Amino acid sequence: MKSMAIEREFGSGGRDIGIRIAKEAQIPYYDGQLLIEAAKRYGIEIADLKEFDENKVGSLLYNIAMMAGYNQYENMVKINEIFYGMKETIKNLYAEGPAVFIGRCSTEILKSYEDVVTVFVRCSDKEKRVQRIFDKENVDTMQKARRLMDRKDWGRERYFKFWTKKDWKDEKNYDLILDTAKFSLEECSEILLKRMNE
């Protein structure tokens with residue numbers, strides 16, 4: 001069985017697909033928080049990772065990386081050390097056996113391995129995405145759900161671009177692109193499970 005690395009638009013259902021696949025295949029699932037916990041197991045010091053995660057990139061990581069000043073070099077060294085810790089954690093977990101990895105540039109980190117399927121999950125129906133966010137997240141209006149969607153996608157896109165120098169939505173970066181406006185989450189999971197078992 002192959003491993004799966006997933007990048008996803010916020011509200012596309014990509015995380016739910018990853019959880020479903022891991023449960024069905026009975027393999028580990030790793031997202032940001034679980035990767036932090038796994039890094040501790042390997043003795044990798046990434047205590048500040050939460051501050052530099054894809055969810056914070058617009059407000060902290062990206063700004064630190066772009067700012068000028070006397071301590072820019074020190075900040076860049078720290079940021080690179082943290083990302084290196086995450087990268088090594090993902091590679092160590094991959095070496096343990098098949099798993100599902102969500103975000104954190106895992107598609108690029110594991111791209112060179114033949115037994116990893118890289119996927120981008122999108123939803124071409126923005127209103128469907130907004131509705132899913134409204135239903136699942138702690139927002140009380142559709143307008144807030146739409147703003148949250150835009151902010152999260154912006155952060156993920158910047159994070160990916162910062163570390164990989166690539167366009168997050170570029171289809172050439174992935175083995176598969178799935179659109180949850182055209183396929184249900186269950187159908188997407190079945191497609192990916194089949195691909196993992198090829």
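Every chain is numbered independently, its residues counted from 1 as its sequence is written. In keeping with the model being predicted, local features are shown solely for residues with a pLDDT of at least 70 and side-chain atom pairs are shown and tallied solely at 80 or more, while totals for entire chains, interfaces and linings include all residues. Each side-chain value is derived from all of the structure's non-hydrogen atoms; neither hydrogens nor water enter the calculation.

1. A short note on the overall build of the protein chain
To keep things clear, this is the line we draw: Strands are runs of DSSP state E lasting at least two residues, helices are runs of H or I lasting at least four, and both sets are numbered from the N terminus onward. Residue exposure (1.4 Å probe, protein chains only): buried if accessible area is under 20% of the type maximum, exposed if over 50%, otherwise partly exposed. Note on areas: Shrake-Rupley, 1.4 Å probe, and residue coverage restricted to the protein chains presented here.
Looking only at helices and strands, the protein chain has eight helices and five strands in total. Element order for the protein chain, N to C, with α for helix and β for strand: β-α-β-α-α-α-β-α-β-α-α-β-α. Out of the 198 residues in the protein chain, the part that is buried amounts to 48%. Carbon and sulfur atoms form 47% of the exposed surface of the protein chain, whose accessible area is close to 10,400 Å².

2. With respect to helix α6 (residues 126-136)
Spacing of three or four residues puts side chains on the same side of an α-helix, whose turn is 3.6 residues. To keep it simple, the criterion reads: The arc in question is the one traced by the directions running from the helix axis out to the C-beta atoms. Contacts between residues were defined by any pair of non-hydrogen atoms, one from each residue, lying within 4.5 Å. Pairing of N or O atoms within 3.5 Å defines a polar contact, subject to two protein rules: one partner must be a possible hydrogen donor and the other a possible acceptor, and residues neighboring in sequence count only if both atoms are side-chain atoms.
Residues R129, V130, R132 and I133 constitute the buried set of α6. The buried residues of α6 all sit within an arc of 160° when viewed along its axis, so they share a single face. The inward-facing, buried residues of α6 contact α7 (142-164) and α8 (185-196). Structurally, the start of α6 carries an N-cap: the backbone nitrogen of E127 is 3.1 Å from a side-chain oxygen of D125.

3. Examining the pattern of salt bridges
Note the cut-off: The term salt bridge refers to a side-chain nitrogen of Lys or Arg lying within 4 Å of a carboxyl oxygen of Asp or Glu.
Counted by the stated rule, this structure contains 13 salt bridges. Of the charged contacts in the structure, one is a salt bridge between K169 and E9, with a shortest N-O distance of 3.4 Å. Of the two residues, K169 sits in the loop between α7 and β5 (176-179) while E9 sits in the loop between β1 (3-8) and α1 (14-25), which places them 160 residues apart along the sequence. On the basis of relative accessibility, which here comes to 5%, the residue E9 falls in the buried class. The shortest N-O distance in the salt bridge between E186 and R20 comes to 3.4 Å.

4. Some remarks on the packing of α1 against α8
Under the convention used in this document: Note on geometry: axes are C-alpha line fits, over the in-contact stretch for helices, and angles between N-to-C directions span 0 to 180 degrees. The scheme is simple: roughly parallel for angles under 35 degrees, roughly antiparallel for over 145, roughly perpendicular for 65 to 115, oblique for anything else. Helix crossings fall into two classes, left-handed where the near helix is turned counterclockwise from the far one by less than a right angle and right-handed where it is turned clockwise. Under the scheme applied here, ten amino acids are nonpolar (Ala, Val, Leu, Ile, Met, Phe, Trp, Tyr, Cys and Pro), four are charged (Asp, Glu, Lys and Arg), and all others, including Gly, are polar.
Interhelical geometry of α1 versus α8 gives an angle of 50° and a closest axis separation of 9 Å. Considered as vectors, α1 and α8 are oriented oblique to each other. Crossing handedness for the pair α1 and α8: right-handed. Contacts between α1 and α8 involve D16, I17, R20, I21, E24 and A25 on the former and, on the latter, L185, E186, C188, S189, L192, L193 and M196. Of the residues assigned to the contact of α1 with α8, the class counts are eight nonpolar, one polar and four charged.

5. Here's the deal with α8
Basically, it comes down to this: For a helix, the expected span equals 1.5 Å multiplied by the number of residues minus one.
Along its twelve residues, α8 runs 16 Å from first to last C-alpha, staying within 8% of the 16 Å computed at 1.5 Å per residue. Taken together, the buried residues of α8 touch β1, α1, β4 (116-122), α6 and β5.

6. Thoughts on the packing of α6 against α7
Between α6 and α7, the shortest axis-to-axis distance is 9 Å and the interhelical angle comes to 105°. In this view, α6 runs roughly perpendicular relative to α7, as classed from their interaxial angle. Contact residues: K126, E127, R129, V130, Q131, I133 and F134 in α6; M142, A145, R146, L148, M149 and D153 in α7. Residue composition of the contact of α6 with α7, by class: seven nonpolar, one polar and five charged.

7. What about the side chain of E7?
Put simply, the rule reads: This count recognises Lys and Arg as positive and Asp and Glu as negative, with His and chain-terminal groups excluded.
For E7, the location among the structural elements is in strand β1. Although buried, E7 forms no salt bridge, and the nearest oppositely charged side chain, R8, lies 4.2 Å from it. Engagement of the side chain of E7 in a polar contact is seen with the backbone nitrogen of C105, the distance being 3.2 Å. Here E7 is in contact with G103, R104, C105, S106, T107, V119, F120, V121, F160, W168 and Y174, once residues within four sequence places are set aside.

8. Describing the side chain of D179
Along the chain, the position of D179 falls in strand β5. Of note is the side chain of D179, whose polar atom sits 2.7 Å from the side chain of S124. A distance of 2.9 Å separates the side chain of D179 from the backbone nitrogen of A181, its partner in a polar contact. Each residue touching D179, except ones within four places of it in the same chain, is listed here: R122, C123 and S124.

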